[in-house]
Amino acid sequence: MLPKSFIAAAALLACGCAMAQSAPYAGQQARAIKALSEQDVQELLAGQGMGLAKAAELNGYPGPAHVIEHGTALRLSPSQLEASRALMQRHQAQAREIGARLLEAERALDQAFALRSIDEKQLARLTAEAARLQGELRAEHLRTHLAQASLLDAGQIQRYAQLRGYAGAEGPPAAGPSHPHPRRH
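Only a predicted model underlies this, so the values are computations on that prediction, with no experimental measurement involved.

1. Observations concerning the overall build of the chain
Helix and strand content of the chain: seven helices and zero strands. Here the chain holds 185 residues, and the buried ones make up 30% of them. Summarising the internal contacts of the chain: among those between residues at least 6 apart in sequence, 77% fall at separations of at least 24. Entry remark: accessible area of the chain is about 11600 Å², with carbon and sulfur atoms responsible for 59%.

Listed below in structure tokens is the structure:
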């Protein structure tokens, strides 16, 4: 037979696990924008990827940040490096601007609920705007990967995949880019 203290501890543990499962948002009610963590907010303001370009990245379309990071290993020419840096600067400016607008849309939605002033019509309008901006931000990130791939040759794209751990040393990524001949600079 098990000691009573063991049974009591097991019961408390089970109760704590059940409470944690039934209150997964506990503590998040103090967030400035309830649907976004502070990390989410900072990443949006910084123009960071947040995984929005995975469809491109994991299908053989490199992103400029990592191309620049691996510039030496990729044997980027000076013009490729310059073009990649310019692409990254333009992209980050765009992503930051869209990210800031998305934060405002999320803030407006949050405030409408907080003020208890929301109705069906406003809900539809606010969520549609937030979704539109999320799509615009994702398209910006994906478009940047598309543009970056056009600055590299097939060998550089293959080497990028290897450097990022997507492909072995033997052959191209499983699903490489569909553009037949990337420009070579």
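2. Regarding the nonpolar core
Membership of the largest hydrophobic core is limited to 12 residues, which are Ile33, Leu36, Val41, Leu44, Ala95, Ile98, Leu102, Leu103, Ala105, Ala130, Leu133 and Leu137. At five residues, helix α5 (residues 78-114) tops the list of elements feeding residues into this core. Other than its neighbours up to four places away in sequence, Ile98 contacts Leu133, Glu136, Leu137 and Glu140. Counting nine residues, the second largest nonpolar core, distinct from the first, contains Tyr61, Val67, Leu74 and Ile157.

3. What about the environment of Gly47?
Relative to the helices and strands, Gly47 resides in the loop between α2 (38-46) and α3 (54-57). For Gly47, a relative accessible area of 5% translates into the label buried. When the C-alpha atoms of Gly47 and His91 are compared, they prove to be 8.0 Å apart, with 44 residues separating the residues in sequence.

4. A few points about the packing of α5 against helix α6 (residues 120-149)
The geometry of α5 relative to α6 is characterised by a closest axis approach of 9 Å and an angle of 165 degrees between their N-to-C directions. Judged by the angle between their axes, α5 and α6 are roughly antiparallel. Two packed elements cross with a definite hand, and for α5 against α6 that hand is left-handed.

5. Examining α5
Between its first and last C-alpha, α5 extends 53 Å over 37 residues, near the 54 Å set by a 1.5 Å rise per residue. Looking one or two residues beyond α5, the residue adopting positive phi is Arg116, at roughly 55 degrees.

6. Some points on unusual backbone geometry
Phi at Arg75 is positive, roughly 55 degrees, even though this residue is not glycine. Within the chain, Arg116 stands out as a residue other than glycine whose phi angle is a positive 55 degrees. Structurally, the position occupied by Arg116 is in the loop between α5 and α6. By relative accessible area, Arg116 is classed as exposed at 74%.

7. Comments concerning the confidence of the model for the chain
When pLDDT is averaged across the chain, the result is 87; 79% of the residues are at 70 or more. For residues 169-185, every residue scores under 50 in pLDDT, and the model assigns this stretch 35 contacts once sequence neighbours within four places are set aside.

8. Overview of the environment of Ala86
With respect to the secondary-structure elements, Ala86 resides in helix α5. Separated by 22 residues in sequence, Ala86 and Pro64 place their C-alpha atoms 9.3 Å apart.

9. Describing the pattern of salt bridges
Taken as a whole and judged by the stated rule, the model has eight salt bridges. Its salt-bridge partner being Arg143, residue Glu140 comes within 3.4 Å of it at the nearest N-O pair. Within this pair, Glu140 and its partner Arg143 are both found in helix α6, separated by three residues, close to a single helical turn. Residue Glu140 is classed as buried on the basis of its relative accessible area, which comes to 7%.

Analysis parameters
- Residues numbered from 1 in each chain as written.
- Predicted model: local features only at pLDDT ≥ 70, side-chain atom pairs only at ≥ 80, totals over all residues.
- Heavy atoms only, no water.
- Helix = DSSP H or I, 4+ residues; strand = E, 2+ residues; numbered from the N terminus.
- Buried < 20%, exposed > 50% of the residue type's maximum accessible area, 1.4 Å probe, protein only.
- Contact = heavy atoms within 4.5 Å.
- Areas by Shrake-Rupley, 256 points an atom, 1.4 Å probe, with all protein chains shown as cover.
- Core = buried A, V, L, I, M, F, W, Y, C linked by side-chain atoms within 4.5 Å.
- Axes fitted to C-alpha atoms, helices over the stretch in contact; angles between N-to-C directions.
- Parallel < 35°, antiparallel > 145°, perpendicular 65-115°, else oblique.
- Left-handed = near helix turned anticlockwise from the far one by under 90°.
- Expected span 1.5 Å × (residues − 1).
- pLDDT = per-residue confidence, 0-100.
- Salt bridge = Lys/Arg side-chain N within 4 Å of Asp/Glu carboxyl O.

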